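Structural overview
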Amino acid sequence: MKFLLIACTLITFGCSTPEAEHELLTGETRFNEPVPVFSKVTLSGETLTEADLKGKVTLVNFWATWCGPCIIETPDFVALQEEWKDRPFQIIGVSMDETGFEAVQPFVNDFMVNYPQILDEGPLADGFGGVWALPTTFLVDGDGQVQSSFLGLFPMEKRRDYLDKLVKELES
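These lines cover the structure that appears in this document, whether it is placed above or below. Since this is a predicted model, take the numbers as computed values, not measurements.

**Notes on the side chain of D120**
Topologically, D120 is positioned in the loop between β6 (117-119) and α5 (123-127). Side-chain polar atoms of D120 contact the backbone nitrogen of A125, separated by 2.9 Å. Not counting the four nearest positions on each side in its chain, D120 is found in contact with K40, F62, V94, S95, M96 and A125.

Printed below as a string of structure tokens:
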């Protein structure tokens, strides 16, 4: 019986890392990796590459028009992009819709989305380390390093001060 209690304790607590516990509790995975190399055409017809992220704090949001949580978080992204439009900050939407811009355009119009939209069928998501559910948002610092990812609704209220801190560092 004593052996069973020790084994259960080790399995529950001893094999867990602080990073794994943080991810389990918050939905955030932390890492420091360069943004993958990419070149994508935006909904507005411009080309967007990883080099465009340098010098800005960027949220790269993988989403789809049919995703309920994606719909919920879109107004917060639109509001933050509008508020910080003159700061070194950018949100990029990466639609995973299989029907492409045909599905994205009406959504962008309805929600007055004010940040670039690109499409991905998987290669860009794989370059970020994988997107297993939608929405998934990656935080990229001004040096083009992916700092963390968030699975599910982006915790805007909890992360806004941290985003502001990162942006202020670039402004100084």
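**Details of the pairing of strand β5 (residues 89-95)**
Taking burial as the measure, the seven residues of β5 include seven buried ones, the bulk of the element. Alternating positions in β5 separate into two faces, F89, I91, G93 and S95 on one and Q90, I92 and V94 on the other, with burial throughout. Here strand β4 (residues 57-63) runs beside β5; their pairing, made up of seven bridges, is parallel. The residue bridging T58 from the neighbouring strand is Q90, located in β5. Once you follow β4 into helix α3 (residues 68-83) and on to β5, the crossover reads as right-handed. Relative to β6, β5 runs parallel, the two sharing three bridges. Bridged to G93 within β6 is Q117. At this point the chain moves from β5, through helix α4 (residues 101-111), to the parallel β6, and the crossover so formed is right-handed.

**Thoughts on the pairing of strand β8 (residues 145-151)**
With five bridges connecting them, strand β7 (residues 136-140) and β8 associate as antiparallel partners. Within β8, the position partnered with T137 by the bridge is F150. If you look at the hairpin formed by β7 and β8, you'll find four residues sitting between the two strands, and G144 has a positive phi there, around 80°.

**A few points about the environment of M112**
With respect to the helices and strands, the residue M112 is situated in the loop between α4 and β6. Assessed through its relative accessible area of 66%, M112 is described here as exposed. The spatial distance from the C-alpha of M112 to the C-alpha of P75 is 8.7 Å, given a sequence separation of 37 residues.

**A short note on the nonpolar core**
Ranked by size, the top nonpolar core spans 25 residues in total, and within it V57, L59, F77, F89, L139, F154 and L163 carry the most contacts. The contact partners of F77, leaving out residues within four places of it in the chain, are L59, N61, I91, Y115, T137, F154 and M156. Listed in part, the 16 residues of the second largest apolar core include L53, F62, L124 and V140.

Here is what the cut-offs are and how they apply
Residues numbered from 1 in each chain as written. Predicted model: local features only at pLDDT ≥ 70, side-chain atom pairs only at ≥ 80, totals over all residues. Heavy atoms only, no water. Helix = DSSP H or I, 4+ residues; strand = E, 2+ residues; numbered from the N terminus. Polar contact = N/O pair within 3.5 Å; in protein donor to acceptor, adjacent residues only side chain to side chain. Contact = heavy atoms within 4.5 Å. Buried < 20%, exposed > 50% of the residue type's maximum accessible area, 1.4 Å probe, protein only. Pairing = 2+ DSSP bridges. Right-handed = clockwise from strand over helix to strand, strands pointing away. Core = buried A, V, L, I, M, F, W, Y, C linked by side-chain atoms within 4.5 Å.

The quantities given are spatial measurements derived from coordinates; they are silent on function.
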